[in-house]
Amino acid sequence: MAFTSASFIVLTIASVLLYYIVPKKAQWCILLLASAAFYMAGSVKAFAWVVLVAGMTWVTGLILGRYNAIKPADKAQKAQIQHKKKQIAIICAICCFGLLYAMKYWNFTLELLPSALGNHIPRWDFVVPLGLSFFIFQSMSYVIDVYRGKYAPERNPLRYGLFVSFFPQMVQGPISRFDQLAPQLTAERKLCWDDLQIGIQLALWGYFKKIVIADRAAVLVNNVIMENCPYGGAVIALGILFYCIQLYCDFSGGIDITRGVARMFGIDMTLNFRRPLFSTSLTDYWRRWHITLGAWMRDYVFYPLAFSKPFGKLGKWARKHFKGMMGKICATSTATFIVYLIIGIWHGANFRFIAFGLWNGILITASLLMERRFLSWKEKLHINDKSTGWRIFMTVRTFGLVFIGRYFTRAPRLKTVFTLLGTTVLHPHFSEFTSVVPTLGLGISDFIIIFVGILIVHGVEFFEERGTDVQAWLNERPALVQLTVLTVSLVVLLLFGIFRAGYISSEFIYKQF
């Protein structure tokens with residue numbers, strides 16, 4: 001069930017109405033039923049995998065909770081309990097991530113084997129569940145947190161199942177934490193018009209970015225970025241630029257819809273974007289883009305690696321054999337590199353995603369190693385890093401690095417990535433630009449709408465970056481102004497989106513992850 005479908009709108013409206021009509025103690029049951037209906041509308045078989053993962057992690061949480069409740073008599077018993085807890089958590093992790101591997105990466109692995117071997121090994125032909133990576137990561141965060149004693153396990157399997165399957169977040173996240181989301185899902189609420197108002201505004205903002213901008217930009221992207229692309233580098237660069245526009249408005253728009261729908265139930269979802277277009281470094285960019293994935297990797301991969309005994313030994317060895325900064329940050333830089341490699345692999349079973357992880361990992365690791373030298377250069381050149389000009393330069397530079405990385409995430413395979421990059425640099429063919437662009441599926445009006453749309457999105461984010469809460473500012477205006485903005489938004493969404501000639505809604509890009 002797509003967010004842009006009429007069935008999703010109907011499901012949301014019906015769920016909101018029922019949520020505030022039924023007795024407050026039963027409100028969470030409406031959310032559970034809506035979540036089950038949302039998922040089973042796509043595939044009943046796929047929903048079984050959600051139930052399996054939820055059931056497995058719920059039981060694991062209960063077992064870990066029992067061990068947490070034991071008060072050890074001495075250090076020996078404490079170590080024994082910790083060892084058993086670790087074994088249980090590892091078994092659960094192997095099962096969950098093993099399922100993720102089997103569904104997303106097993107067939108890819110077989111393709112790497114010699115045909116004489118790979119052709120005789122069964123392939124995975126099951127339907128890959130919607131949001132597989134998202135709900136497995138979310139479930140495992142719960143298991144790890146219970147293992148660490150952060151909170152007590154949930155005793156009610158249905159309440160826990162709602163945490164795993166809450167329908168607005170199933171398409172592309174955010175990856176929520178149990179202690180942040182679960183209490184909100186089961187809280188008893190009265191109808192709050194402010195929640196409805198903010199929720200509708202967020203959802204409309206998301207639909208504007210998705211339907212008016214992203215789906216329009218996708219037309220040009222699909223006609224340019226392909227295997228055996230016949231165009232020169234200038235057109236390819238335009239295709240990647242439009243892909244950057246498409247990806248940002250598609251992903252952030254989808255998250256806005258998610259947060260908007262959740263807010264209609266009074267639920268405040270975790271922020272997943274914080275104006276990444278204003279980032280001044282690649283590290284800053286990834287702190288602002290898909291925040292919940294980065295936080296998950298930080299808490300459950302980076303910290304365990306960086307503070308582990310093997311990495312402690314690596315740090316000692318590096319300080320002994322390397323002088324200066326290299327020796328000091330070797331261990332943390334290695335952990336950082338591994339995290340970004342995993343993020344690349346998380347995106348999908350393809351060498352281009354592995355290369356994407358390597359691209360980001362190498363650049364960020366290099367920036368850590370070169371940080372002191374960069375600071376020295378800035379001091380010698382008397383650069384004021386607080387100036388507007390320097391910030392603009394750093395923002396443009398960061399976008400350039402992100403722009404190159406998007407070749408990896410959009411091209412169909414790794415070989416095509418390097419072909420497109422090579423053509424962009426060596427064979428720009430500027431002369432064909434004006435004759436080819438009009439044939440790529442978009443008219444002059446479409447380019448104008450995309451340009452104006454990006455100006456609006458960037459303008460709103462500019463004021464938010466300067467500390468202005470644009471939504472709060474709007475809600476403080478007179479009712480007539482708010483009604484006018486709402487009406488104009490709906491008209492724009494309908495005329496320039498849903499009802500425009502030849503409009504075909506595309507799937508959310510992060511749905512495939």
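Below: a short report on this structure. Bear in mind that the values here come from a model prediction, so they are computed numbers and not experimental data. (Residues numbered from 1 in each chain as written. Predicted model: local features only at pLDDT ≥ 70, side-chain atom pairs only at ≥ 80, totals over all residues. Heavy atoms only, no water.)

**Here's the deal with the overall build of the protein chain**
Short version of the rule: Segments assigned H or I by DSSP are reported as helices when at least four residues long, segments assigned E as strands when at least two residues long, and all are numbered from the N terminus. Throughout, radius of gyration means the C-alpha value; the globule benchmark is 2.2 Å times the number of residues raised to the power 0.38. Surface exposure here means Shrake-Rupley accessible area, sampled with a 1.4 Å probe, where a residue is shielded only by the protein chains that are shown. The sign given to each residue is positive for Lys and Arg and negative for Asp and Glu; His and the chain ends receive no count. The atom standing in for a charge is NZ when the residue is Lys, CZ when it is Arg, CG when it is Asp and CD when it is Glu.
Helix and strand counts for the protein chain come out as 23 helices and zero strands. Here the C-alpha atoms of the protein chain give a radius of gyration of 25 Å, agreeing with the 24 Å that 2.2 N^0.38 yields for 513 residues. The dimensions of the protein chain, computed from C-alpha atoms along their principal axes, are 80 × 70 × 60 Å. Carbon and sulfur atoms provide 67% of the accessible area of the protein chain, an area that totals close to 25,500 Å². Averaging the locations of the 52 positively and 27 negatively charged side chains of the protein chain gives two centres separated by 10 Å.

**Brief notes about the packing of aromatic side chains**
Inclusion rule: Working definition: rings of Phe, Tyr and Trp (its six-membered ring) pair if their centres are within 6.5 Å, and the pair is stacked with planes under 30 degrees apart, edge-to-face with planes over 60 apart, and tilted otherwise. Any residue under 20% of the maximum accessible area for its type is buried, any over 50% is exposed, and the rest in between are partly exposed; the area is computed with a 1.4 Å probe on protein chains only. In this scheme, the term charge over a ring applies when either NZ of a lysine or CZ of an arginine sits within 6 Å of the ring centre and within 35 degrees of the ring normal.
Scanning all chains against the criterion turns up 47 aromatic pairs. Judged by centre distance (6.0 Å) and plane angle (40°), the rings of Tyr 303 and Phe 307 are tilted. Looking at Tyr 303, the relative accessible area reads 37%, which means it is partly exposed. Residues Phe 462 and Phe 463 carry aromatic rings whose centres are separated by 5.6 Å and whose planes lie at 75° to one another, so their mutual orientation is edge-to-face. An aromatic cluster is defined as three or more aromatic residues linked by ring pairs; in this entry it consists of Phe 3, Phe 8, Tyr 19, Tyr 20, Phe 38, Phe 166, Phe 167, Phe 265 and Phe 508. Against the face of Tyr 147 rests Lys 85, its NZ or CZ located 5.2 Å from the ring centre. Between the NZ or CZ atom of Arg 406 and the centre of the ring of Trp 289, over which it lies, the distance is 5.0 Å.

**What about unusual backbone geometry?**
Omega for the peptide link from Gly 173 to Pro 174 comes to 5°, which places this bond in the cis form. Positive phi, normally seen in glycine, also occurs at His 429, with a value near 50°. Mapped onto the elements of the fold, His 429 is located in the loop between helix 19 (414-426) and helix 20 (433-436).

**Some points on the pattern of salt bridges**
What counts here: By definition, a salt bridge exists where a carboxyl oxygen of Asp or Glu is found within 4 Å of a side-chain nitrogen of Lys or Arg.
Counted by the stated rule, this structure contains 14 salt bridges. Across the pair Arg 288 and Glu 465 runs a salt bridge whose closest N-O atoms are separated by 2.9 Å. With Arg 288 in helix 12 (residues 282-288) and Glu 465 in helix 21 (residues 444-465), this pair connects stretches of sequence that are 177 residues apart. If you follow the salt bridges from partner to partner, you end up with Arg 275, Asp 284, Arg 288, Arg 391 and Glu 465 in one network.

**Some thoughts on helix 2 (residues 27-40)**
Residues that lie three or four places apart on an α-helix share one face, since the helix turns once every 3.6 residues. Basically, it comes down to this: Here, expected helix span is obtained from the residue count minus one, scaled by 1.5 Å. Only heavy atoms enter the contact rule, under which two residues are in contact if any of them lie within 4.5 Å.
In this model helix 2 runs 20 Å from its N-terminal to its C-terminal C-alpha over 14 residues, within 8% of the 20 Å that 1.5 Å per residue would give. Here helix 2 lies mainly inside the structure; 10 of its 14 residues are buried. Every buried residue of helix 2 is listed here: Gln 27, Trp 28, Ile 30, Leu 31, Leu 32, Ala 34, Ser 35, Ala 36, Phe 38 and Tyr 39. Considering only its buried residues, helix 2 is in contact with helix 1 (6-21), helix 3 (44-69), helix 7 (132-147), helix 8 (157-165) and helix 9 (178-185).

None of this, on its own, says anything about what the molecule does.
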